[in-house]
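# Report on the structure
These are the residues of each chain, in order.
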Protein chains: 2
Amino acid sequence: MKPLSATPRTRLARLPERVRTDRAVLYEILDEGMICHLGVVVNGAPRVMPTGYGRLGDTLYLHGSTGARSLMDAPSQEVCVTVTHLDGIVLARSLFHHSMNYRSAVIYGVPSAVTDADEALAGLRAITDNLAPGRWTEARMPTRKEMAATAVLALPLDEASVKVRQGPPNDDEPDLALDVWAGVLPVRQVFGTPEPDPALRPGIPAP
Amino acid sequence: MKPLSATPRTRLARLPERVRTDRAVLYEILDEGMICHLGVVVNGAPRVMPTGYGRLGDTLYLHGSTGARSLMDAPSQEVCVTVTHLDGIVLARSLFHHSMNYRSAVIYGVPSAVTDADEALAGLRAITDNLAPGRWTEARMPTRKEMAATAVLALPLDEASVKVRQGPPNDDEPDLALDVWAGVLPVRQVFGTPEPDPALRPGIPAP
């Protein structure tokens, strides 16, 4: 796998120990995430929207309604896609060294509108598999009309800034003597019990 | 409380049933969140970074190192701050109607650099209270040098787009007869057991 090469905007000026250039770490962060934050520029100002995504090899797929302006504005314009996992609250002895344990991937690029029907379907499958594994073969396939209402965008994973902070707080040495608890409060996302649609026909078990 | 008034970019063209104009919902989404995604425009391209934040009344506070370019570039430039809660995966009978239950706040504005020492401290306290309640009075206060290394930005909560999707899938009526499970898989963030710093002095209980 080709490592992630630094570009001026992905080269980190501060905290170089957090940078990861291993492409496998990028894949792991993306594959473990459920939503991304998509940044676009609209009339010169930034707009950041939460949305689903999926990865196939070195391509990230996004989708949306053909009626959604911010997504339809994106082809041929630079976007930024950020996926973040909050892994813990870092409680230091000093307020200054309070921090977060996290893994983030910040991807820059120009997405292209997917016009090939097979690739559009593969992209939608990647998005579905990322959010709801197994559903692609269980649920009803999109109709031609539904496909026509769905915009699929492909963003190459060429330029990305991957950062990871883990481990205990980095207090200054003199502060270690303070009478203050220090450590990490882990954070994670969990699933609850599936809640059936009130209109669900009887006798259909949860997947 | 003044309701959120629509501006051209917060007026939603699609799915108006998801829009909330009640300022209390904005507060709730912000106060329940731990990180936001801050969007800025750098050299004409969007950049989206995860970061902490805090709210005091109708002001959102952000902070960062005075050495972090993307934050220091922000005063006097438009930014977008988005806070998203993923509440569930919506599993429909059709792939097309798969969705997410979520609550999101998208805030637009021009932040100002906080130069008043008391307001900077109040802003940092709001950020700390949001991520690590109680620590402000437990941990060591920032020194003058630490304060000088910390940039605090204030963003007024004047223009925001608040959206909420909740409840079961919205399948098309003919699909209700399908033999496919449908419902919501709830998602939530939980805290684990605090992990003490290996360098923690003995005898200090977790907060």
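Higher on the page you've got the structure.
Keep in mind the model is a prediction, meaning the values are calculated, not measured.

### Quick look at the overall build of chain A
Of regular secondary structure, chain A possesses four helices and twelve strands. Projected onto its principal axes, the C-alpha positions of chain A cover 65 × 50 × 35 Å. When contacts within chain A are restricted to residue pairs at least 6 apart in sequence, those whose partners lie at least 24 apart make up 74%.

### Some words on the pairing of strand β5 (residues 59-65) of chain B
Residues and elements named next belong to chain B. Of all seven residues making up β5, five are buried, and the element is well covered by its neighbours. The sheet contact formed by strand β4 (residues 54-56) and β5 spans three bridges and is antiparallel. Pairing of G54 across the sheet is with Y61, part of β5. In this antiparallel pair of consecutive strands, β4 and β5, the connection spans two residues, and G57 shows a positive phi of 60 degrees. By the bridge criterion, seven bridges tie β5 to strand β9 (residues 150-156) in an arrangement that is antiparallel. What sits directly across from L62, in β9, is L153.

### Focus: the environment of A154 of chain A
All names here are of chain A. In this fold, A154 is placed in strand β9 (residues 150-156). Between the C-alpha atom of A154 and that of A113, which follows or precedes it by 41 residues, the distance is 6.4 Å. Not counting chain neighbours up to four residues away, the residues in contact with A154 comprise T59, Y61, P111, S112, V114 and G123.

### Thoughts on helix α1 (residues 23-32) of chain B
Residue pairs spaced three or four apart in an α-helix point in one direction, given the helix's 3.6 residues per turn. All names here are of chain B. Every buried residue of α1 is listed here: L26, I29 and L30. Within α1, the buried residues cover an arc of 95 degrees as seen down the axis, which keeps them to one side. Exposed side of α1, more than 90 degrees from the buried face: A24, D31 and E32 are the residues found there. For α1, the elements touching its buried residues are β4, β6 (79-91), β7 (99-109) and β10 (159-165).

### Overview of the relation of the copies chain B and chain A
Placing chain B over chain A gives an RMSD of 0.0 Å and needs a rotation angle of 180 degrees, together with 0.0 Å of translation along the axis. Given the turn and translation reported, the copies of this chain are related as if by a two-fold rotation axis. Looking at the rotation axis and the C-alpha trace of chain B, the residue lying nearest is Q189 of chain B, at 2.2 Å. Most of the interface of chain B is mirrored in chain A: 99% of its interface residues are interface residues there too.

### As for the sheet that holds β5 of chain B
Consider a sheet: its strands pair through backbone hydrogen bonds, and that pairing is either parallel or antiparallel. All names here are of chain B. Strands sit in the order β4-β5-β9-β8 across an open sheet of four strands; the sheet is antiparallel. Every interior strand has two partners, whereas the edge strands, β4 and β8 (112-113), have only one. Strands β4, β5 and β9 of the sheet are contacted by helix α3 (residues 117-131), whose axis makes an angle of about 125 degrees with β4.

### Remarks on the sheet that holds β9 of chain A
All names here are of chain A. Reading across the sheet, the four strands line up as β4-β5-β9-β8 and stay open at both edges, with antiparallel pairing between neighbours. Edge strands, defined here as strands with exactly one partner in the open sheet, are β4 (54-56) and β8 (112-113). Here helix α3 (residues 117-131) sits on the sheet in contact with β4, β5 (59-65) and β9, set at roughly 125 degrees to β4.

### What to know about α3 of chain B
In this model, α3 of chain B (15 residues) spans 21 Å end to end at C-alpha, consistent with the 21 Å of a helix rising 1.5 Å per residue. Every buried residue of α3 of chain B is accounted for by A120, G123, L124, A126, I127, T128, N130 and L131 of chain B. Where α3 of chain B is buried, its residues contact β6 (79-91) of chain A together with β4, β5, α4 (144-148) and β9 of chain B.

### Digging into the interface of chain B and chain A
Counting residues at the interface gives 82 residues for chain B, matched by 81 residues for chain A. For the side of chain B that touches chain A, the elements supplying multiple residues, two or more each, are β2 (36-42), β3 (45-51), β6, β7, α3, β11 (183-191) and β12 (195-196) of chain B. Looking at which element gives the most residues to the side of chain B that touches chain A, the answer is β11 of chain B, with nine residues. Bridging between strand β11 (residues 183-191) of chain A and β11 of chain B involves five bridges; their strand directions are antiparallel. Paired with F191 of chain A across the strands is V187 of chain B, a residue of β11 of chain B.

Thresholds applied
Residues numbered from 1 in each chain as written. Chains lettered and ligands numbered in written order. Predicted model: local features only at pLDDT ≥ 70, side-chain atom pairs only at ≥ 80, totals over all residues. Helix = DSSP H or I, 4+ residues; strand = E, 2+ residues; numbered from the N terminus. Contact = placed C-beta atoms within 7 Å. Buried ≥ 20, exposed ≤ 12 C-beta atoms within 10 Å, placed from the backbone. Pairing = 2+ DSSP bridges. Arc of directions from axis to C-beta. Least-squares fit on C-alpha atoms with pLDDT ≥ 70 in both. Axes fitted to C-alpha atoms, helices over the stretch in contact; angles between N-to-C directions. Expected span 1.5 Å × (residues − 1).

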